[in-house]
Amino acid sequence: MNLAFHLQIVGVLLLLLAISHAFFNRYFGWSRELEGVSLFTRRVFFVHCFFIALMVALAGAGSILYSRALLQPDPMSRGILAALVAFWLCRLFAQFFAYDAAIWRGSRFRTSMHVFFSLLWGYVTAVYGLALLHVWRA
């Protein structure tokens, strides 16, 4: 398995995910849904969404541009990969434990998105995990 190539694939997927955040508000109708909360809460929500997208984009860019460096057995690559594994493993768990099945069950589109994102988070976590295992053993 060519881990550098898989890190680059993950990077592209994460960049696409980050870009898709620009359309979330309109698609999910967040402005309308958040009308009932305070201006402060609304702004915190959107600022947090922006910074999540920014971090996802940075992780994606780093995975593309520095895939070979991430596979070098040194403390920096181990630390970065460990952080990425922790982040995406938490996101994978959230897919099953934070989102109630009532959200997606009964809707073909939402069910397919649930399956797609479960597989995506699993793939991202596995690639970063295998890369971490690689640098840990080297």
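Small disclaimer: the values here were computed from a predicted structure and weren't measured. (Residues numbered from 1 in each chain as written. Predicted model: local features only at pLDDT ≥ 70, side-chain atom pairs only at ≥ 80, totals over all residues. Heavy atoms only, no water.)

### Some words on helix 1 (residues 3–28)
Applicable threshold: Starting at the N terminus, helices and strands are each numbered in turn, a helix being any DSSP run of H or I of at least four residues and a strand any DSSP run of E of at least two. A helix is expected to span 1.5 Å multiplied by its residue count minus one. To get the bend at any residue, fit one axis to the seven residues that end at it and another to the seven that begin at it, then take the angle between the two axes. Partly exposed residues are those whose accessible area sits between 20% and 50% of the maximum for their type, while under 20% is buried and over 50% is exposed, using a 1.4 Å probe and protein chains only. Residues count as neighbours in contact if any of their non-hydrogen atoms are within 4.5 Å of one another. Polar contacts here mean pairs of N or O atoms no more than 3.5 Å apart (in protein, one a potential hydrogen donor and the other a potential acceptor; neighbouring residues in sequence count only if both atoms are side-chain atoms).
Here helix 1 spans 35 Å end to end across 26 residues, near enough to the 38 Å set by a 1.5 Å rise per residue. By the largest-angle criterion, Ala22 marks the main kink of helix 1, which is about 45 degrees. Looking at helix 1, one finds that the buried residues are Leu3, Ala4, Leu7, Val10, Gly11, Leu14, Leu17, Ala18, His21 and Phe24. If you follow the buried residues of helix 1, they end up packed against helix 2 (30–33), helix 3 (39–65), helix 4 (67–70), helix 5 (75–97) and helix 6 (108–137). The distance from a side-chain oxygen at the start of helix 1 to the backbone nitrogen of Ala4 is 3.2 Å, and the residue carrying that oxygen is Asn2.

### Some words on the confidence of the model for the chain
Under the convention used in this document: Per-residue confidence from the predictor is reported as pLDDT, a score between 0 and 100.
Across the chain, the average pLDDT comes to 96, with 100% of residues at 70 or higher. Within the chain, the lowest mean pLDDT, 93, falls on helix 2, and the highest, 98, falls on helix 4.

### Re the packing of aromatic side chains
Going by this rule: Pairing of aromatic rings covers Phe, Tyr and Trp, the last counted by its six-membered ring, and requires centre-to-centre distances within 6.5 Å; plane angles under 30 degrees mean stacked, over 60 mean edge-to-face, and any other angle means tilted. The rule is short: NZ of Lys or CZ of Arg within 6 Å of the ring centre and within 35 degrees of the ring normal puts a charge over the ring.
Tallied over the full model, the rule gives 13 aromatic pairs. A ring pair is formed by Phe24 and Trp30, whose centres lie 6.0 Å apart and whose planes are at 85 degrees; its orientation type is edge-to-face. Between Phe45 and Phe46, the ring centres sit 5.4 Å apart and the planes meet at 85 degrees, which makes this aromatic pair edge-to-face. Judged by relative accessible area, Phe45 falls into the partly exposed class, the value being 32%. An aromatic cluster of at least three residues, connected via ring pairs, comprises Phe24, Tyr27, Phe28, Trp30, Phe45, Phe46 and Phe109. Stacked on the ring of Trp136, the Lys or Arg Arg78 has its end atom at 5.6 Å from the ring centre. The ring of Trp104 carries the charged tip of Arg105 above its face, separated from the ring centre by 5.6 Å.

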